[in-house]
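Secondary and tertiary structure notes
One-letter residues, chain by chain:
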Amino acid sequence: MTNLPRCDFHIHTKYLGCANDTMEVAAILKECERLGVTTLGITDHLNSLDKLALHVPILEDIRSLDTEVAVYFGVELNFDGLDGNFAFGADIKEEYGFQFAIGGIHSTYLDTYDLKKLVDIQHRHHLRTCEDPLVDVLVHPYWFGRGEFDIKEWPWFDTMHAVPESYARELGQVARETGTAIEINACANLVNQNYSDRYVDEYITFLSAIAEEGACFALGSDAHDIHKLEHIGSAWAVASQLSLTPERVWMPDGQPLRGT
Ligand SMILES: [Zn+2]
Ligand SMILES: [Zn+2]
């Protein structure tokens, strides 16, 4: 890991109400400094346009930081329906000062359980996300919310063998061609208590197939609590395990708002 950048480009804050009160920008920076993170990006949710104003204090807080750590201001996008869109655009990016966007699918969009359909919908949205020129990073492929499965009384998604290898390869190819990074997400995928060690091994095999197709990867903790930021170490470890070179670890374009 020594030669790979120690970055975290998926961090939530208290301002959007998804992360808890420990996730204030200054506290996040302090914990990242302790963990040896050298570059970070704050990426809170933008699920609908009415939430835009809640991002303004995040940017203000970043601007008030005094640090050597490079700090960027990003945003996490979600589809607003099965065939929906992201609540985002070039005008919004410009007006609110977002330096990059990460995005992906956060639901099964199914009413009845059908494993093949479920995987197909994810795959289709992964490719759509890669093809969106405003999205830099595809977040947590094949993460599912456990709550959705429990409420619907469905069997939990507990094996990556449900995903054909051809999907991983196609995703890797499209990611490479579109210049979209695939996320290695700590809290959603690697250290998520809902997944077994065997599942995580299968997940790393899935990421390896993507890596073999030449895609780049973004590293993110997806922390919603200050004590979860340390899990970024598991994403760094997997990046190492995939034998990524530093050029294949994604970084935003442009200068950070703070640090160097
Ligand atoms: Zn997400
Ligand atoms: Zn997230």
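A brief structural summary. Here the structure is a predicted model, which means the values were calculated and not measured.

Next up on the list: unusual backbone geometry. Positive phi values are uncommon outside glycine, yet Tyr 109 reaches one of about 55°. One can find Tyr 109 in the loop between strand 4 (100-104) and helix 4 (115-131). With phi around 60°, Asp 222 is a residue other than glycine that occupies positive phi space. The topology assignment puts Asp 222 in the loop between strand 7 (217-220) and helix 9 (232-241). When its relative accessible area of 9% is taken as the criterion, Asp 222 is described as buried.

Moving on: the environment of Gly 147. With respect to the helices, strands and loops of the structure, Gly 147 is situated in helix 5 (residues 146-151). As for Gly 147 and Asp 253, which are separated by 106 residues in sequence, their C-alpha atoms are 36 Å apart.

Here the structure, examined in full by the defined rule, presents 20 aromatic pairs. Geometrically, the ring pair formed by Tyr 113 and Trp 154 is tilted, given 5.6 Å between the ring centres and 55° between the ring planes. Of the two residues, Tyr 113 is situated in the loop between strand 4 and helix 4 and Trp 154 in the loop between helix 5 and helix 6 (165-178); the sequence distance between them amounts to 41 residues. Of the residues examined, Tyr 113 reaches a relative accessible area of 33% and is grouped as partly exposed. Ring geometry for Tyr 142 versus Phe 157: centroids 6.4 Å apart, planes at 10°, classification stacked. On the criterion of sequence distance, the pair formed by Tyr 142 in the loop between strand 5 (137-138) and helix 5 and Phe 157 in the loop between helix 5 and helix 6 is long-range, its members being 15 residues apart. For the pair formed by Tyr 142 and Phe 157, the shared burial category is buried. What links up through ring pairs into an aromatic cluster is the set Tyr 113, Tyr 142, Phe 144, Phe 149, Trp 154, Trp 156, Phe 157, Tyr 195, Tyr 199, Tyr 203 and Phe 206.

Okay, the packing of helix 4 against helix 6 next. For the pair helix 4 and helix 6, the least separation of the axes is 9 Å and the interaxial angle reads 10°. Looking at the two axes, helix 4 sits roughly parallel to helix 6. Together, Lys 116, Val 119, Asp 120, His 123, His 126, Leu 127, Cys 130 and Glu 131 of helix 4 and Tyr 167, Glu 170, Leu 171, Val 174, Ala 175 and Thr 178 of helix 6 make up the contact between the two elements. In terms of residue class, the contact of helix 4 with helix 6 is built from seven nonpolar, three polar and four charged.

Turning our attention to the sheet that holds strand 2 (residues 39-46). An order of 1-2-3-4-5-6-7 is seen for the seven strands of this open sheet, with the pairing classed as parallel. With one partner strand each, in any of the chains shown, strand 1 (7-11) and strand 7 form the two edges of the open sheet. The pairing of strand 1 with strand 2 spans three bridges and is parallel. Looking at the pairing, Ile 11 lines up with Ile 42 of strand 2. Contacting strand 1, strand 6 (181-185) and strand 7, helix 9 crosses the sheet at an angle of about 155° to strand 7.

What counts and what doesn't
Residues numbered from 1 in each chain as written. Chains lettered and ligands numbered in written order. Predicted model: local features only at pLDDT ≥ 70, side-chain atom pairs only at ≥ 80, totals over all residues. Heavy atoms only, no water. Helix = DSSP H or I, 4+ residues; strand = E, 2+ residues; numbered from the N terminus. Buried < 20%, exposed > 50% of the residue type's maximum accessible area, 1.4 Å probe, protein only. Phe/Tyr/Trp six-rings, centres within 6.5 Å; stacked < 30°, edge-to-face > 60°. Axes fitted to C-alpha atoms, helices over the stretch in contact; angles between N-to-C directions. Parallel < 35°, antiparallel > 145°, perpendicular 65-115°, else oblique. Contact = heavy atoms within 4.5 Å. Nonpolar A, V, L, I, M, F, W, Y, C, P; charged D, E, K, R; others polar. Pairing = 2+ DSSP bridges.

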